[in-house]
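Structure at a glance
Chain by chain, the residues:
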Amino acid sequence: MNRFLDRFFHLSTLSIALLTLLVTGAIFGVLLDEAKPAMDALGLSFLIDTKWAPNLEKFGALPAIVGSILSTALAMFIAVPLAIGVSIFLSEISPQIFKTPVGVSIELLAAIPSVVYGMWGLFYFVPIIRDLFGGLGIGLLTAGIVLAIMILPFMAAVTRDAMNTTPDILKESAYALGGTKWDVVKDVVIPYAKAGIIGAAILALGRAIGETMAVTFVMGNVHKIPSLITDPATSIPVALANEFTEADGALYFSSLFYLALVLFVISFVIIAFAKYAFLNRGKRAVS
Amino acid sequence: MPTIIDITEDKAIEVKNFEFTYAGSDEPNLKNISMPIAKNRVTALIGPSGCGKTTLLRSFNRMHDLYPGNSYAGEILFEGRNILQEKEDMIKLRTQIGMIFQKPTAFPMSIFDNVAYGLRLKGIKNKSELADRVEKALKDAAIWKETSARLKHDANGLSGGQQQRLCIARAIAVEPEVLLFDEPTSALDPISTQGIERLIIELKEKVSILIVTHNMQQAARVSDYTGFMYLGDLIELGRTEDLFVTPCEKLTEEYITGKFG
Ligand SMILES: Nc1ncnc2c1ncn2[C@@H]1O[C@H](COP(=O)(O)OP(=O)(O)O)[C@@H](O)[C@H]1O
Ligand SMILES: [Mg+2]
């Protein structure tokens, strides 16, 4: 009986694991299939053309690719140091009575649907950016900031959990050698939690690069490589969300799938690279 | 009244009417403890689990201050001052009174950086001075042979016994006056334990040592003086051979003959 259960458990988990692979493969297959006409017609120059003019049947993906990468990079640039700061505060500095309420509110923030961040960004943030930096207020900078705010709580919560796994006895050992709180954070807590912190950043990166609703309202959907950080721009998910309903021509439709395929590949490559570069190499460097 | 030997040797530390209370505890966890810690000798603390050995040990380097709400009373005299005073410089105190924990606690960094850690905290930056002092500490902790060829390797690659020696090297690198050991061999195999015990005996040439152990044989093997604690009280402190052979207190006798514990 037990052996039967064991076997059943083994098979069912195995098949679920295989199913995830199958679904990923199927999504990739559909993207590839739908993108095929555009790939045949436009080739790889799709990736470097800067002109996106559906009425002229011109489809260049570079502005959306650049917009995706820049907005994500900007968001990470803002969110990573802040998230690490917040989690250092929560795990090492904050008095006990703040830890739970602040921690819980951060977890709640992480659970807010991204469209809410998008609406909030549009109604409250856009005017502020407009007043501070001029321009429309809609654009790359706003998108980057809204994205950063969206991924910050999630990253802070995961990073804090990673830092909390540092054994007290290890921290005490550093204090026992004459370390200050800052020494202990820098030399023990952060190195100990490093893999978790990087993992959190990679997950946040994955969320940011594919994020649609939080940035759709605030980025501008302008297929132009921004020359100023306050310029309106677009990203791949923003273009997809805005244009699928109006894609009338077959090539237009297929081009959007091509764009989705590019996003799929970019996300995959960035995350694979980040994992390889930071997690594996990090491990090897110390051992 | 406890029986506390009046030692004639130099004292590294003198505890007077010391009391300690953990945050949230309604009565003191350590009660009215007075004892000398002889200079360049090993003093062992024994007693059943939960009697307060660790709590007492961690008072000497003010580890309890890392957590809010704990309170001390009485005096711990070290180098002519009461280290329980508000104005005590904790950073300096902890470089003078080092600590070795129950489990090896190698930092997630290289062997060299582990041993250099306390030195760097003290502000020593000179590369050759660091290298010299790291080498000396590793030699004094009898782990130079195993580590000299791989100083740049991650310290977590060492075995448990080696890591505990590394922690000792790290503690002695800053040249403390006193070393506190909290059951330093409880996570180690018998061979490593023997090595650490031998090392403790060698180290007393340079430092005064206070070691907590729940292993009476260990106390008998390494220490010059032994204190027996029970329920937050220090019941008896005497020369190790006297305490184990002719204890003065009934409780001590019952404990060392295995009547409880
Ligand atoms: N952090 C703490 N907070 C409150 N009470 C504690 C704490 N640590 C230990 N105690 C209590 O103090 C007493 C002594 O503990 P401890 O010093 O760890 O004993 P030992 O090291 O002799 O086994 C025990 O009754 C224990 O429950
Ligand atoms: Mg203990």
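Above: the structure in question.
It should be emphasised that the depicted structure is a prediction, and the values quoted were computed from it without experimental measurement.

Observations concerning the environment of Thr245 of chain A
Residue and element names in this part refer to chain A.
- With respect to the helices and strands, the residue Thr245 is situated in the loop between α10 (236-243) and α11 (250-286).
- Accessibility expressed as a relative area gives 75% for Thr245, which makes it exposed.
- Expressed as a C-alpha distance, the spacing of Thr245 and Lys58, which sit 187 residues apart in the sequence, is 18 Å.

Quick notes on the sheet that holds strand β5 (residues 71-78) of chain B
Residues and elements named next belong to chain B.
- Pairing within the open sheet is antiparallel, and its four strands lie in the order β3-β2-β5-β6. Here the strands that pair on one side only, and so sit at the sheet edges, are β3 (30-38) and β6 (81-82).
- Where strand β2 (residues 11-21) lies against β5, seven bridges are found, and the strand directions are antiparallel. Counterpart to Ile13 in the pairing with β5 is Phe78.

Overview of a nonpolar patch on the surface
Residues and elements named next belong to chain A.
- A contiguous nonpolar patch, built from Met119, Trp120, Phe123, Tyr124, Met213 and Phe217 and spanning about 630 Å² of accessible area, is present on the exposed surface.
- Elements with a minimum of two residues in the nonpolar patch: α4 (114-133) and α9 (213-219).
- A total of four residues in the nonpolar patch trace back to one element, the largest contributor, which is α4.
- Of the residues examined, Phe217 reaches a relative accessible area of 30% and is grouped as partly exposed.

Focus on the layout of surface pockets
- One number sums up the size of the largest pocket: a volume of about 620 Å³.
- In this structure, the largest pocket is lined by 25 residues; those nearest its centre are Glu92, Lys99 and Lys181 of chain A together with Leu66 and Tyr67 of chain B.
- Of all the secondary structure elements, the ones that give two or more residues to the lining of the largest pocket are α2 (62-93), α3 (96-110), α5 (140-164) and α6 (168-175) of chain A together with α2 (90-96) of chain B.
- Its residues assigned to classes, the lining of the largest pocket comprises nine nonpolar, seven polar and nine charged.

About the thresholds
- Chains are numbered independently. Their residues run from 1 in the order of the written sequence.
- Ligands are numbered from 1 and chains lettered from A, in the order in which they are written.
- Owing to the predicted nature of the model, reporting of local features is limited to residues with pLDDT of at least 70; listing and counting of side-chain atom pairs is limited to 80 or more, with chain, interface and lining totals taken over all residues.
- Processing note: side-chain calculations cover all non-hydrogen atoms of the structure and skip hydrogens and water entirely.
- Labels follow the DSSP assignment, with helices taken as runs of H or I lasting at least four residues and strands as runs of E lasting at least two, numbered in each case from the N terminus.
- Burial classes: relative accessible area under 20% of the type maximum marks a residue as buried, over 50% as exposed, and values in between as partly exposed (1.4 Å probe, protein chains only).
- Strand pairing follows a simple DSSP-based rule, namely that at least 2 bridges must link the two strands.
- To count toward a patch, a residue needs a relative accessible area over 30% and no salt bridge; like charges are then connected within 9 Å, while nonpolar side chains (Val, Leu, Ile, Met, Phe, Trp, Tyr) are connected within 5 Å.
- For the area figures, the Shrake-Rupley method with a 1.4 Å probe applies, and any residue is considered shielded solely by the protein chains shown.
- The working definition used for a salt bridge is a side-chain nitrogen of Lys or Arg within 4 Å of a carboxyl oxygen of Asp or Glu.
- Both cavities and pockets are sets of points on a 1 Å grid over the protein atoms alone; in a cavity a 1.4 Å probe fits but cannot get out, in a pocket the set is open with protein on both sides within 12 Å along at least five of seven lines, and lining residues sit with an atom within 4 Å of a point.
- Grid points are joined across faces, edges and corners, and a volume is the space filled by probe spheres set on the points.
- Three categories are distinguished: nonpolar for Ala, Val, Leu, Ile, Met, Phe, Trp, Tyr, Cys and Pro, charged for Asp, Glu, Lys and Arg, and polar for the others, with Gly belonging to the last.

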